[in-house]
Amino acid sequence: MLPGLWLAPGAKPLGPVTTVALIPPALPEVASGRLGFNNGYVDADGVLRRYRYLEPLPDGSALKSLPFSVLGAIDKVAAQAYQKGVIGQLESKNELIAWRRHADDYPHISFADVFAQAEGEKPLAAVPGFAGKVVIIGATAPSLHDIHPTPLSNMQAGVDSLATVLDNALNQRHMAELPRWLQAVLAIGLCIGLALWVQFKSVSSLAPALLALPVALLGVSYLSLNGLPVFLDLNLAAGLALVFLAVLRFWNTLRRNYWCTPPSSSTQGLAIWPWIRSDSWLEGDLDRLIDVVERHAPDCRVVVCDATVTWPATLRWPELARCAAVVGPMASLQAAGTAMAPEMRLLASLSGEPAALTGVADRDNLVRSVYLAWSALQMTDAT
């Protein structure tokens, strides 16, 4: 009854004959002509971003959309090529719409002016000729409820959305998307790359990436959406990278607090091993120092002056920021000294010998002893 609406199944139907619910046109001339559905399927947030050109059915046939029907009437080769890629799929394919720059880029002509000119009256505005053009008749009044939120406007008329989809079909503007699994692989691979970077560098070296990396990924997504036939949706990767970087920084702060907390006063037989380097123990160098202590002397701790630099400020006492000390049981320092020394010399320029802490092992005495050790080491370096 509606020959212009259906695409016939292939040689071998995929399933039983399918029935659909629809309201057929009442006029026989319309029913026998070119037809097409115009269903808009919005995303979960209620925004129209995609369109379905064909509705594949389980028996191998398909329903034509209105843009596909127009395409078949104007460019049969393009319609057949698109049909071959869709027919046989049991799942409907929703394509991203390649929107124009503005919501009202297509010319609008008042129906009242067209009707007045057809009746021989003078229209309020000039009416162009329609020969050789695709004309869409629709409503733009919001009270008629043919409006949809789109990426261009939250009150875009349905006739403008249909015009955009027709434009995409006639000019072969088809935009592919990365599958969800590939987006997840890219996001996970990015996090693995960040973890490897931290393993060989430091968390502090990723401080600029906390903002720059998500912005760069979103920028790539925007450029691909506006200049490539494939939309590189990197929102998942950008969001996961931001969260992962924040977690890494928080974890590194907890780790640094743990390894830079002096041993408790109950620990007996503490020793101090002072070190001095040519420049300050900033975050990256401090992380490397903690790595060495964690590998070779896990029951020891690091004593260092706070040397965190917050732009645009600089270190107030860079002379003190050059000093560090490893504090722990004398037996542990002596046992790990041979293994630690080569790696420590790559980080620092001068070291003393582990010296036992005299007196009570409280924080005040530890601080005085550490400063005395640094002072003696600096005097040795000066001579």
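Undergrad: Lay out the pattern of salt bridges with the relevant residues and their values.
TA: Applying the stated rule across the entire model yields 15 salt bridges. Salt-bridge contacts for Arg49 lead to Asp43; the nearest nitrogen and oxygen are separated by 3.0 Å. On the accessibility criterion, Asp43 (21% relative accessible area) is partly exposed. Of the charged contacts in the structure, one is a salt bridge between Asp167 and Arg173, with a shortest N-O distance of 2.7 Å. Classification of Asp167 as buried rests on a relative accessible area of 11%. Residue classification places Arg173 among the partly exposed positions, given a relative accessible area of 37%. Ionic contacts of the salt-bridge type, sharing partners, join the residues Asp43, Asp45, Arg49, Arg50 and Glu177 into one network.

Undergrad: Describe a nonpolar patch on the surface, listing the residues and the values that go with them.
TA: Residues Ile109, Phe111, Phe115, Phe130, Val135 and Ile137 make up a contiguous nonpolar surface patch of roughly 620 Å² in combined accessible area. One can find Val135 in the loop between α4 (111-118) and β6 (147-148). What makes Val135 partly exposed here is its relative accessible area of 46%.

Undergrad: Before we move on, could you go through helix α5 (residues 158-170) and cite the residues and values that matter?
TA: Owing to its 3.6 residues per turn, the α-helix aligns residues three or four sequence positions apart on the same side. The end-to-end C-alpha distance of α5, which contains 13 residues, comes to 18 Å, matching closely the 18 Å that a straight helix rising 1.5 Å per residue would cover. Within the span of α5, buried status applies to Gly158, Val159, Asp160, Ser161, Leu162, Ala163, Thr164, Val165, Leu166, Asp167, Asn168 and Ala169. Against the buried residues of α5 lie β2 (50-52), α2 (66-74), β6 and β7 (156-157). One or two steps after α5, the chain reaches Gln172, where phi turns positive at roughly 55°.

Undergrad: Report on the pairing of strand β10 (residues 270-276), specifying residues and quantitative values.
TA: Most of β10 is tucked away, with 7 of its 7 residues classed as buried. The side-chain alternation of β10 yields two buried faces, one formed by Leu270, Ile272, Pro274 and Ile276 and the other by Ala271, Trp273 and Trp275. For β10 and strand β12 (residues 323-329), the ladder comprises 7 bridges, and the chain directions are antiparallel. What sits directly across from Trp275, in β12, is Ala324.

Undergrad: Could you give me a rundown of empty space enclosed by the protein, with the residues and numbers involved?
TA: As enumerated under the stated definition, the model contains 1 cavity of 30 Å³ or more in all. One number sums up the size of the largest cavity: a volume of about 30 Å³. Residue contributions to the lining of the largest cavity peak at 3 residues, all from α2. Classifying every residue of the lining of the largest cavity by side-chain character gives 6 nonpolar, 1 polar and no charged.

Undergrad: I'd love a proper account of the nonpolar core, names of residues and values included.
TA: Judged by nonpolar contacts, the single largest core of 23 residues is most densely connected at Trp281, Leu289, Val293, Val302, Val326, Met340 and Met344. Secondary-structure elements contributing two or more residues to this core are β10, α9 (283-296), β11 (301-304), β12 and α11 (330-347). Sort the elements by how many residues they give to this core and α11 lands first, with 6 residues. If near-sequence neighbours (up to four positions away) are discounted, Met344 is found in contact with Trp275, Leu289, Val292 and Val326. Grouped together as the second largest cluster of nonpolar side chains are 18 residues, Leu7, Tyr51, Val70 and Ala79 included.

Cut-offs used in this document
Residues numbered from 1 in each chain as written. Predicted model: local features only at pLDDT ≥ 70, side-chain atom pairs only at ≥ 80, totals over all residues. Heavy atoms only, no water. Salt bridge = Lys/Arg side-chain N within 4 Å of Asp/Glu carboxyl O. Buried < 20%, exposed > 50% of the residue type's maximum accessible area, 1.4 Å probe, protein only. Patch = residues over 30% accessible without salt bridge, like charges linked within 9 Å, V, L, I, M, F, W, Y side chains within 5 Å. Areas by Shrake-Rupley, 256 points an atom, 1.4 Å probe, with all protein chains shown as cover. Helix = DSSP H or I, 4+ residues; strand = E, 2+ residues; numbered from the N terminus. Expected span 1.5 Å × (residues − 1). Contact = heavy atoms within 4.5 Å. Pairing = 2+ DSSP bridges. 1 Å grid on protein atoms, 1.4 Å probe; cavity = no way out; pocket = protein on both sides within 12 Å on 5 of 7 lines; lining within 4 Å. Points joined across faces, edges and corners; volume = space filled by probe spheres on them. Nonpolar A, V, L, I, M, F, W, Y, C, P; charged D, E, K, R; others polar. Core = buried A, V, L, I, M, F, W, Y, C linked by side-chain atoms within 4.5 Å.

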